[in-house]
Amino acid sequence: MSKPKLQKRLKSLSFSEKIKILEKLRDRDKAIAASGLRGKTSKGRGTKT
Amino acid sequence: MKETLEIINQMQADGVIGEYAIGGAVGATFYLAPAATVDLDIFVTLPGANGTSIASLSPLYEFLKSRGGKIQDEYIVVGDWPVQFLVPSDDLEREAVAEAIVTRVEGTDTKVMSAEHLMAIALKTGRPKDHNRILQFIDQVPYDPARLKDIVERHGLNAKWKKFQTKFLEE
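Criteria and thresholds
Residues numbered from 1 in each chain as written. Chains lettered and ligands numbered in written order. Predicted model: local features only at pLDDT ≥ 70, side-chain atom pairs only at ≥ 80, totals over all residues. Domains from an automatic or database assignment. Contact = placed C-beta atoms within 7 Å. Helix = DSSP H or I, 4+ residues; strand = E, 2+ residues; numbered from the N terminus. Core = buried A, V, L, I, M, F, W, Y, C linked by C-beta atoms within 7 Å. Buried ≥ 20, exposed ≤ 12 C-beta atoms within 10 Å, placed from the backbone. Axes fitted to C-alpha atoms, helices over the stretch in contact; angles between N-to-C directions. Parallel < 35°, antiparallel > 145°, perpendicular 65-115°, else oblique. Left-handed = near helix turned anticlockwise from the far one by under 90°. Nonpolar A, V, L, I, M, F, W, Y, C, P; charged D, E, K, R; others polar. pLDDT = per-residue confidence, 0-100.

## Concerning the domain arrangement of chain B
All names here are of chain B.
Argument step 1. Domain annotation of chain B identifies domain 1 (2-113) and domain 2 (117-169).
Argument step 2. Of note, the centres of domain 1 and domain 2, computed from C-alpha atoms alone, are 22 Å apart.
Argument step 3. Taken together, the contact between domain 1 and domain 2 spans 12 residues of the former and 11 residues of the latter.
Argument step 4. For the side of domain 1 that touches domain 2, the secondary-structure elements that each account for two or more residues are helix H2 (24-29) and helix H4 (91-98).
Argument step 5. If you tally residues by element for the side of domain 1 that touches domain 2, the top one is H4, at 5 residues.

## Describing the nonpolar core
Residues and elements named next belong to chain B.
Argument step 1. In this structure, Tyr-20, Ala-21, Ile-42, Val-44, Met-119 and Ala-120 are the most contacted members of the largest nonpolar core, which totals 48 residues.
Argument step 2. For this core, the leading source of residues is helix H5 (residues 115-125), giving 7 residues.
Argument step 3. Residue contacts for Val-44: discarding those within four places in its chain leaves Ile-17, Tyr-20, Phe-85 and Val-87.

## Re the packing of H4(B) against H5(B)
Residue and element names in this part refer to chain B.
Argument step 1. Closest axis-to-axis distance for the H4/H5 pair is 10 Å, and the angle between their directions is 160°. Here H4 is positioned roughly antiparallel relative to H5, judged by the angle of their axes. Viewed along their axes, H4 and H5 form a crossing whose handedness is left-handed. Residues Leu-92, Glu-93, Glu-95 and Ala-96 of H4 touch H5, and the partners they reach there are His-117, Ala-120, Ile-121 and Lys-124.
Argument step 2. Its residues assigned to classes, the contact of H4 with H5 shows 4 nonpolar, 1 polar and 3 charged.

## A few points about the interface of chain B and chain A
Argument step 1. Listed as interface residues are 18 residues of chain B and, on the opposing side, 16 residues of chain A.
Argument step 2. Element by element, the count of residues in the side of chain B that touches chain A is highest for H2(B), at 3 residues.
Argument step 3. Counted by class, the side of chain B that touches chain A contains 11 nonpolar, 4 polar and 3 charged residues.

## Examining the confidence of the model for chain A
All names here are of chain A.
Argument step 1. Summing up the model confidence of chain A, the mean pLDDT is 79 and the portion of residues at 70 or higher is 76%.
Argument step 2. The weakest mean pLDDT in chain A belongs to helix H3 (residues 37-41) at 61; the strongest belongs to helix H2 (residues 15-35) at 90.
Argument step 3. Note on residues 42-47: pLDDT is under 50 here. Beyond four places in sequence and across chains, it has 5 contacts.

## Things to note about unusual backbone geometry
As a rule of thumb, non-glycine residues mostly have phi less than zero, and peptide bonds are mostly trans rather than cis.
Residues and elements named next belong to chain B.
Argument step 1. For Asp-73, which is not glycine, the phi dihedral falls at a positive 55°.
Argument step 2. Considering the arrangement of structural elements, one finds Asp-73 in the loop between strand E3 (70-72) and strand E4 (75-78).
Argument step 3. Phi is positive for Glu-106, close to 50°, though the residue is something other than glycine.
Argument step 4. With respect to the element layout, Glu-106 can be found in the loop between strand E6 (101-105) and strand E7 (108-112).
Argument step 5. Overall, the presence of 16 C-beta atoms within 10 Å leaves Glu-106 in the partly exposed class.

Encoded structure:
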């Protein structure tokens, strides 16, 4: 799926569905932070938005 | 999120807070494709504050701590979300709370700031991530340009809007 199509599809999801995705992204972010990988690979990414 | 919002709604029903609205990245997600964020920004009015931000957030924190809330840096963890409670600091933020849109998350009622208010607050705040969010709104177009213009003008953000347009929107 192209990026614009994916973005359109994501945008059209219900707020509840989007929140589920946010929670997965947040949990992934926490897991990466806890692993210490972030400092080694992409300093400054994934900070509070 | 459902548990988080239920606790916040209970806090409102108990009179600990007045009106509230979701802002920030989670608020923007109501309109845009989801983008990673670590926290939930909740703008709250406080009983007895008379439109000022002088009233204390202490009763709010006491309420949440009594229900298992844990302080974590500038957040308090409510349910499974770190929440930052923000008292509206100016007329723009007070208007954003007053005109927030009623919606539901997983069957729980809540309120989200309008797209135009989220954009105006991002413009006022002016960090790179705020500018990026405005660009996402413009790119994905779920907002009313006339309403945004009105908000920008009424809240003295014309100069910032012109600067933003010059920097990001003019070829």
